[in-house]
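Remarks on the overall topology
Chain by chain, the residues:
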Amino acid sequence: MANYSVTKRFGILTAGGDCPGLNAAIRGVCRAAQDRYGMQIVGIANGFRGLINEDAKELHTEDLTGILTLGGTILGSSREKPFAPTDKDDLAIEVSDKVSAIKETYSKLGLDCLVVLGGNGTNTTGYKLSREGLNVIGLPKTIDNDIVGTDRTFGFHSALMIGTEAIDRLHSTAQSHSRVIVIELMGHKAGWLGLHAGVAGGGDVILLPELPYDIRVIGNHLKKRAKSGKTFSVVVVAEGAMSTKEADMDKKDRKKYRTETAPSVAYRVAAEIQEETGMETRATVLGYVQRGGIPSASDRVLATSLGTKAADLLAQGQYGRMVALLGNDIGSVDLSVPEGKVKNVPLDHYMIDSARAVGTCMGD
Ligand code: F6P
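My aim in this report is to walk through the structure given alongside it, one point at a time. (Residues numbered from 1 in each chain as written. Predicted model: local features only at pLDDT ≥ 70, side-chain atom pairs only at ≥ 80, totals over all residues. Heavy atoms only, no water.)

Taken together, R79, I143, D144, M186, G187, H188, E239, Y288 and R291 make up all the residues around the ligand. The contact in question runs from an oxygen atom of the ligand to an N or O atom on the side chain of R79, over 2.6 Å. Between the ligand and H188 there is a distance of 3.2 Å, counted from an oxygen atom to a side-chain nitrogen or oxygen. Burial of the ligand by the protein chains amounts to 77% of its free accessible area of 400 Å². Class assignment of the residues belonging to the shell around the ligand gives a composition of 3 nonpolar, 2 polar and 4 charged. (Near = heavy atom within 4 Å. Polar contact = N/O pair within 3.5 Å; in protein donor to acceptor, adjacent residues only side chain to side chain. Areas by Shrake-Rupley, 256 points an atom, 1.4 Å probe, with all protein chains shown as cover. Nonpolar A, V, L, I, M, F, W, Y, C, P; charged D, E, K, R; others polar.)

Positive phi values are uncommon outside glycine, yet E54 reaches one of about 60°. Structurally, E54 can be placed in the loop between α2 (48-53) and β3 (56-58). (Helix = DSSP H or I, 4+ residues; strand = E, 2+ residues; numbered from the N terminus.)

It is worth spelling out the environment of A101 at this point. The topology assignment puts A101 in helix α3 (residues 95-108). We classify A101 as buried; its relative accessible area is 16%. Remark: the alpha-carbon pair of A101 and L64, spanning 37 residues in sequence, is separated by 28 Å. (Buried < 20%, exposed > 50% of the residue type's maximum accessible area, 1.4 Å probe, protein only.)

So, on to the sheet that holds strand β10 (residues 321-326). In a beta sheet, neighbouring strands pair by backbone hydrogen bonds and run either parallel or antiparallel. Sheet architecture is open: 7 strands sit in the order β3-β2-β1-β4-β5-β10-β11, paired in mixed fashion. Two strands bound the open sheet, and with one partner strand each, they are β3 and β11 (329-334). Going across the sheet, the axis of each strand differs from the next one's by a mean of 25°, ignoring polarity. Pairing of strand β5 (residues 136-140) with β10 involves 2 bridges; the strand directions are parallel. When the sheet's bridge partners are listed, I137 is paired in β10 with R321. Where helix α1 (residues 22-36) meets the sheet, it contacts β1 (9-14), β2 (40-44), β4 (113-118) and β5, and its direction lies at approximately 175° from that of β1. In the packing of helix α4 (residues 120-131) onto the sheet, the strands contacted are β4, β5 and β10, and the crossing angle to β4 comes to about 160°. (Pairing = 2+ DSSP bridges. Axes fitted to C-alpha atoms, helices over the stretch in contact; angles between N-to-C directions. Contact = heavy atoms within 4.5 Å.)

Below, the structure written as structure tokens:
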């Protein structure tokens, strides 16, 4: 006999950029919801787009088998943001129409609640939908680890392992050729991934979006290394890192400058280093490799625990919450907590100090 549950039937979707651990989280929510509480589940395809288009189907036990270790998301994802107007929208309908379509699908499918798995944008959309009268529960995922309200997001640890392995591999080839190699990791707004992988992989320079860099400082650091007999260096750059010159520009000018000067930050920094130092410099962009493939053991555990906690909240009718890692425990916070925010690396973070203490240049 299933335990009593306030929620009888809910919808589940994954939105925004995918990450390892999404399927583990889906399995966690759905298994607990079905087996422990006897709930019915509707899987919604491709994030909020599936709610607008009414693209959904019931999920049963067989749909949840063998997905714990699977990368990506069995539900599909999209960057559809129903509250943001967009002119390149293939659905070609206005914001208010999208929100009404979502509400209509929600009631047509007979849902008591919507479970949204996603990053800042997704949880913010979830909160906005809850203000529109829908019951919503959020789960924090992203390789960027930049969601306010949780101590860690799932997906981050897997991406960190991939980033660290890449840095390790670059060390040997940089050494063989006496080169500087710049590696770009994801993180357009927050530098958690770059900082962690940079420290774990022993990067000689780490550049973060939060800390604008001065190319002369980096040049001096690399020249000093060369003088001391270290003929190679590895520079770890977060996707959103910027120079002091770029930091002084407004957003529009910075975007223009960036698209005009290089395909991405790694190429820009590599060219700047070569010009500043005369050292042979190469760029590597890790890109979507960081988001693909099997989740790490740590992400599987976190995703499963957050998922089963979400099932408990569904059963108790505790809507308008985001499940979260709080210290060593799994809990939840109000869904308004992450709304419109980004958790950046604080400049007094112990890891920045620790990186400096082992001789890493932070570009400032
Ligand atoms: O999901 C966040 C993220 O990993 C960012 O670090 C990166 O900028 C972004 O995804 C790129 O994703 P996409 O090309 O899918 O929009």
